[in-house]
Structure formats: structure tokens, C-alpha cells
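As a plain string of letters, each chain reads:
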Amino acid sequence: MFSKSLFYFSSPQRFYPVAGKSWPWFAVMASALAVWGLWLGIFVAPTDFQQGEGYRIIFVHVPVSWMSMIIYLAMAFWALMGLTFNTRLSGMMCSALAPTGAICAFLSLWTGALWGKPMWGTWWVWDARLTSELILFFLYLGYIALTNAIDDPRRADKAGGILALVGALNVPVIYFSVKWWNTLHQGASVSVTNGSSMDRTMLDAMLIMAVAFWLYAIAMTLYRVRNIILARERHTQWVADLPEMKAMSTGAIT
Amino acid sequence: MSAFWAIVRRDITLAMRRKAEVITAVFFFVVVAALFPLGIGPDMATLRLTAPGILWIGALLACMLSMGRLFAADYADGTLEQMALSPNGLSVLVAAKILAHWCLSGLPLVLLAPILGLQFDLPTNALWVLTLSLLVGTPLLSLIGAIGAALTLGVRGGDVLLSLLVLPLYVPALIFGAGAVQAEMSGLGASAHLSVLTAMALVAAVFSPWASAAALRLALES
Amino acid sequence: MLTVSQLSCRRGDRRLFSHVSFTLASGQWLHLEGDNGVGKTSLMRLICGLGVPEEGDITWRNEQASATDDDEPQTLRNNLIYLGHQLAIKEDLTPLENLQTHAAISGTPLSTSNAMAALAQMGLRGREQLPVKVLSQGQKRRSALARLIVSEVPLWVLDEPFVALDGTAQEVLRTVINSHLSHGGMVLLTSHQAVSLDGQGRVYRLSA
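Along each chain, the written sequence defines residue order, and numbers are assigned to residues from 1. Chains and ligands are labelled sequentially in the order written, the chains with letters from A and the ligands with numbers from 1. Per-residue local features of the predicted model are confined to residues with pLDDT of at least 70, and side-chain atom pairs are confined, for both listing and counting, to 80 or more; whole-chain, interface and lining totals are unaffected and use all residues.

1. Quick word on the overall build of chain B
A run of DSSP states H or I qualifies as a helix once it reaches four residues; a run of E qualifies as a strand once it reaches two. Both are numbered from the N-terminal end. Secondary structure assignment for chain B yields ten helices and zero strands. Relative to a compact globule of 222 residues, whose C-alpha radius of gyration would be 17 Å, chain B shows 18 Å and is just as compact. Across its three principal directions, the C-alpha atoms of chain B cover 55 × 30 × 30 Å. Scored against the burial criterion, the 222 residues of chain B give a buried share of 55%. By the criterion used throughout, residues are in contact when their C-beta atoms, derived from the backbone, lie within 7 Å. Sequence separation of at least 24 residues holds for 79% of the intrachain contacts in chain B that already meet a minimum separation of 6. With the radius of gyration taken over C-alpha atoms, the globule rule is written as 2.2 Å times the number of residues to the power 0.38. Around each residue's C-beta, the other C-beta atoms within 10 Å are counted; 20 or more make the residue buried, 12 or fewer make it exposed, and counts in between make it partly exposed. All C-beta atoms are placed from the backbone.

2. Quick word on the interface of chain B and chain A
Contacts between the two partners involve 22 residues from chain B, matched on the other side by 24 residues from chain A. Among the elements that line the side of chain B that touches chain A, the one with the most residues is helix α9 (residues 158-185) of chain B, at eleven residues. When the residues that make up the side of chain B that touches chain A are grouped by side-chain class, the tally is 17 nonpolar, three polar and two charged. As a working rule, the residues Ala, Val, Leu, Ile, Met, Phe, Trp, Tyr, Cys and Pro are called nonpolar, Asp, Glu, Lys and Arg charged, and the rest polar, with Gly in that last group.

3. Considerations on the sheet that holds strand β7 (residues 155-159) of chain C
Residues and elements named next belong to chain C. Following DSSP output, two strands are said to pair if at least two bridges run between them. Strand order in the open sheet made by the five strands is β6-β7-β8-β3-β9, with parallel pairing throughout. Lying at the two open borders of the sheet, with one neighbouring strand each, are β6 (80-83) and β9 (200-205). Direction aside, neighbouring strands of the sheet carry axes that sit 15° apart on average. Across six bridges, the pairing between strand β3 (residues 28-33) and β9 is parallel. Bridged to His-31 within β9 is Val-203. The convention used is that axes are lines fitted to C-alpha atoms, helices contributing only their stretch in contact, and that angles between N-to-C directions extend from 0 to 180 degrees.

4. Quick look at the pairing of β3 of chain C
As paired elements, β3 of chain C and strand β8 (residues 186-190) of chain C share four bridges and run parallel to each other. Bridge pairing in β8 of chain C places His-31 of chain C opposite Leu-189 of chain C.

5. Side note on helix α3 (residues 44-67) of chain B
One turn of an α-helix holds 3.6 residues; hence residues three or four places apart share an orientation. Helices are assigned an expected span. That span is 1.5 Å times one less than the residue count. If you check α3 of chain B, its first and last C-alpha atoms are 33 Å apart, about what 24 residues at 1.5 Å a residue would give, namely 34 Å. Helix geometry: α3 of chain B is bent most strongly at Thr-50 of chain B, by close to 55°, with proline Pro-52 of chain B lying one to four residues after it. Bend at a residue means the angle formed by two fitted axes: the first through the 7 residues ending at that position, the second through the 7 residues beginning there.

6. Looking at the environment of Ala-3 of chain B
One can find Ala-3 of chain B in helix α1 (residues 2-18). A count of 21 C-beta atoms within 10 Å places Ala-3 of chain B in the buried class. In sequence terms Ala-3 of chain B and Ala-20 of chain B are 17 residues apart; their C-alpha atoms lie 25 Å from each other. Not counting the four nearest positions on each side in its chain, Ala-3 of chain B is found in contact with Ser-86, Asn-88, Val-92 and Leu-93 of chain B together with Ala-104, Ile-105 and Gly-107 of chain C.

7. Brief notes about the nonpolar core
Here a nonpolar core is just a set of buried residues of the types Ala, Val, Leu, Ile, Met, Phe, Trp, Tyr and Cys, joined wherever their C-beta atoms sit within 7 Å. Met-75 of chain A together with Ala-215 and Leu-216 of chain B are the most contacted members of the largest nonpolar core, which totals 208 residues. Apart from the residues within four sequence positions on either side, Leu-216 of chain B is in contact with Phe-71, Leu-80, Ala-84, Leu-90, Val-94, Ala-150 and Leu-153 of chain B.

8. Regarding helix α2 (residues 95-105) of chain C
Residue and element names in this part refer to chain C. In terms of burial, α2 is largely enclosed, as eleven of its eleven residues are buried. Here α2 has its buried residues at Pro-95, Leu-96, Glu-97, Asn-98, Leu-99, Gln-100, Thr-101, His-102, Ala-103, Ala-104 and Ile-105. Following α2 by one or two positions, Gly-107 adopts a phi angle in the positive range, close to 70°.

9. Remarks on the environment of Leu-16 of chain C
Residue and element names in this part refer to chain C. By the secondary structure assignment, Leu-16 is in strand β2 (residues 14-24). Leu-16 gets classed as buried once you count the C-beta atoms within 10 Å, which come to 21. For Leu-16 and Glu-171, which are 155 residues apart along the polypeptide, the C-alpha to C-alpha distance reads 33 Å. When near neighbours in sequence (up to four residues on either side) are disregarded, Leu-16 contacts Cys-9, Arg-10, Arg-11, Val-38, Gly-39 and Ser-42.

Okay, structure coming up:
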């Protein structure tokens, strides 16, 4: 029964309206939570004993780092679904997630650098987490480059799927080798709980921001997957029958 | 099994009749090892310290540049199709191709490494570990690179794309390979690093031919 | 016996063909006919397992064939030989080396004397040990076709086998195919010319 409804929505045609109705809700909730979280983080949370005011960037840095990893796991999940069940939508979801994941990884690197500068005096430190994040960013870029370079969408989806799975299996290996490399060479460490323990408000703010980014990621992915569906299925009758397509072709919307 | 060795023999015979493949990898390795001191400066203490990284990166780049050629020729003349139709299964034949490719592009680097290591004044025990780490590491690099080569077969911008795909996956090998030599030089002993490297190579030996074969079938479908 | 039913194939956005059905039994041959670009090669590649059909089934001896079949001896993939547009010949090897490598890949036991005999039958006597790159186009094709003589599989899938062959070579190939048919083999081929072979044969016209 459950699996029947699961596969019911695996057709792009049926998923398109579902995604269309739901993404605005996710966007609104994400915005509301982000405002609340940022207010808590910037105005309510106390000044850190060791790091002063500059530490507040962690309210963006930590959630966005978490999201970059969660999104990669989600991509690996969709890749596995796509390769096992050969459904078109799985590949589209995987492709839709990639840009958001890459942006999260990129933001994580920038906010990490901005956080590190006041603490260490340099714009970059070869900290284990930051370095792993950099490699994760390259994994995202590789996926996007590969799927863009292959013309045939089915091959692009499946090749991307293989790459995402191989990457996902390697992420723990990469993380632990980089951690080993960092500790062995006594490298710098940029850490949230350096010294002081976490104040309750700080934790709340971080969790709220994490959920906000998560909802944002869902909203962006659903919005993007609709565009991908339209592009891939443009030759089908149901796409031609869509009101937005008809309006475009009659020139009502330019 | 005879199909496996037939492919190994065939690929090596073909390369021997052309010779370009072996020379390119070796030449690149030598050039990189010579360029780094020119860029860093001739201070022997610095060079000795950075030698493990430099030599490992040189070998890694040489491997990476040769990966694009692994499947390209067979794909172009239709031999890859025939391999996909083999009763032995494509994975076995892919493993054979990777082995042949390593013998031609990886093994020469392993043999050359101690000689280049002397240019950096590495002590004898470090030279041994360097050679050993490359002996285990270069097959690992070939195996990982094969997946990238299979995914980018026949794709525009293939070689550069291959490098982008494969470099993040090469990082653990580099860390433990160069790390082994550094550990030996600092007196800690390289056995832990070499064990991890060996384990990664064994896992890759099982997993990579299968993943590469799946990617090759994708390329043959289009 | 090969059965193809309701097969359809898509290439990118275009649907090439749909509802293709036919059977092929021992001693029969099928000439796939159609305009350029209609999908004859794609259909053959689907049968060989080099692609996945959009719809439809391919069965071999009443068992479903799939592109990811493994090493079971009874599967379709292990019972056919495919000669496509590309010759799958290595220019730097000799015809003999090419034939031996191919035999090893396809799991066919082949002695050197049999290999030499097959090459001689295809008109390459005296040239078996020259690198293929010095041979003419027709000679290269003939060295690829020698694989048919030494193969032991029942189904031959041949994409334009007669192209670039002179009259004598075409005759030799016809003899080889007829011999295969008379031993209970089956042949699926494409050709832009009329095909005349022994045994039960028919034409299947592929259209969009």
C-alpha cells in the first residue's frame, strides 16, 4: 500500500504539481525560521568568552556545513534509487540537489574563512573540516561538470549517479584521512566549542538556522526539479497542455 | 582466466609497438620532480622535507594524465563493444586492462622513484618506503582513475573533466602515501600508513572494475 | 530461438521505432531492411545487450534476456557474435593476433592451425603475420570476418557484412553464412542490397 503510493509519485507528470504546490510553503517557513534564528543569533545570544562578537558567523557556517553534507547524502540516496529502479525522477532529483549543495559547500568555505581570520589572522587554515569541505566542494563541481558535459539526459543521470555513489562512499575515507593528516602535522583547528561550552541560546539559534537551511534546500530543490521536468519532458502531451506552456505559446506571458 | 591474460598481453604488446604511453608518464614524472626544486629553491633541508609530497604528487599527476588513454582506443575501434559481449564479463576484462595500464604507466614510476629520491637527498630507509608506498599506491591510483576514465568516455572535455572527477578521490592515497615516507623519516615508522594504503588498494581492486564496467556500459549504450 | 516482441527504442528525444516483433529459429535468416537512420543498428545493439530497450522483450530459448546478464552459458549474450560497423580490429596487431585475441575474449578455443586456416579461407593466406595497418580496407574487413568461421555460437548478428568486399570475397562470405545456416545456425543481418542466401529467409522492414 505504502510502496504503491511511493511509486505513484515517481512519475514526473504526477510529481510536477505536487512540487509546484509545496515549494512556496517551504520557502515561507524557511524565511520565517531564518529571521527568527538570525535574530536569536545576532541579538540574543551572549558574547562568547573567548571569541568576542566575531563568532556569530557560526550561525551560518555550521548549518550550511551540515547541509552541504546532508545534501550530498540525499544525492547519493537518489542516485541509488535511480540506478536500482531506473526511474527518471530520481535522476532529476539528484541533479536538482547538486547546485544547492555546491552553494552550501561554497558558503561553508567562505564563512569558515571569515571566522578563521579574526582567530588565526589568516584567510585560510588547513583545518581538517575546512579541508574536507573543500574536497566536498570539488566533488559537487565534478558531478555538475559531468552531468552538464553529457548530452544524453539518461546517460548523464546514470553516470552522475555512479559518480555520486562513488563519491559518497569515499567521503568518510576522505574525511578520516584529512583528519589524520591534520592531527599528525599539528595543524590549526577551527572549532565551535573551543574553550567555552555552548550557551543554550547559541544551540537554539544554530538548530533553528539548520532547520531553516534545510527547508530552504527543499524549497530550492523542488523549484529546480520542476524546471528540469519541463525541460526533459517538453515533447510530451501533458507538458504542452500545461496552462503556463499554453500561455507562453500564445504570447500571453513573454 | 585466459581471456584476462590475453587482454593483458594484448595491451602490453600494443603499447610496446607504439612506446608513447610508457615514455609520456615517465617523462612527466621526471620533469615535475625537476621543476619543484626550481620553484622552491635549492636548500637541501627544505627539499628533503618536502620530497615525499613532491614525488608523490608527481607520480599522482603522471598517473592521472595517462588515465584518459585507458579506454579511448578500444572505444574508438569497436573492441570495447566486443569486450562487453564477452562471456567472461566486462569487469574481468576491465581489470585486465587496468593491470596492463599499470604495468606501462605505473610500474616505471615505482622503479624511477628511488633514483629521483636521491636528488632530494632522502635517506635509504625513506627511499625504500617511498618505493613501497608507490608500489601499493600507483595501482590504487590506476583503479580509481579507471572509474573516472569510464565515466568520461566519449564526453566533451574528457581529459580535464576526468581530472576534476578523480582528484578528490585521490586525496586519501596521497595523504597516506606521502605520509608513509614522512612517518619513516620522522622515526615513527611507516607500517600504519602502508597498511591503510594496502587496504584501500585491495578494496579498490574489488570495487573499481565493477563500477568501471557499469560506467562503460553506459558509454556503449549511447 | 530468438524472439523479439514489441520492442521500442528511444535515442535522446526521438523515438526510433516501436512495436517491433519477430522470431528467428534454427536455420533461418532475417534481413533487416530500412532507410538510413531508422534504427537498424540500434535494434541489433539492443538484441546484443548493448543497450536497454524502452519497451518490449527479447527472449532467447524462452528465457528473458537482459543487458546485465552475467556469465550463464545459456544467456543470449554468450550465444551470439556481433559484427558491427566498427571492425574491432587493432591496427598494430597482425590478423592472426587479432583473431586469437578475439577468440580468447569470446571464450572460443582456437588452435593456431585453425586460425591460419580461417584466415586463408578469407583470402589472407600469406598475410596472416603482417600488421593490419598495411592491409587494404577489404583485407581488413576480411580479417574481421574470419571470426565467423571460427565461432561456435548459434546466432550471428551482422551489420552490413557485405560492404567494401569485392565479388570473390562476397562469394566466400556467402558460403560461410550458408554453411552456418545449414548447421542449424541463425543469422540477423542488414544490407542495402538484396540478400540471397540458402535456407529459410525473410525480410523485415523497419520503419519509423
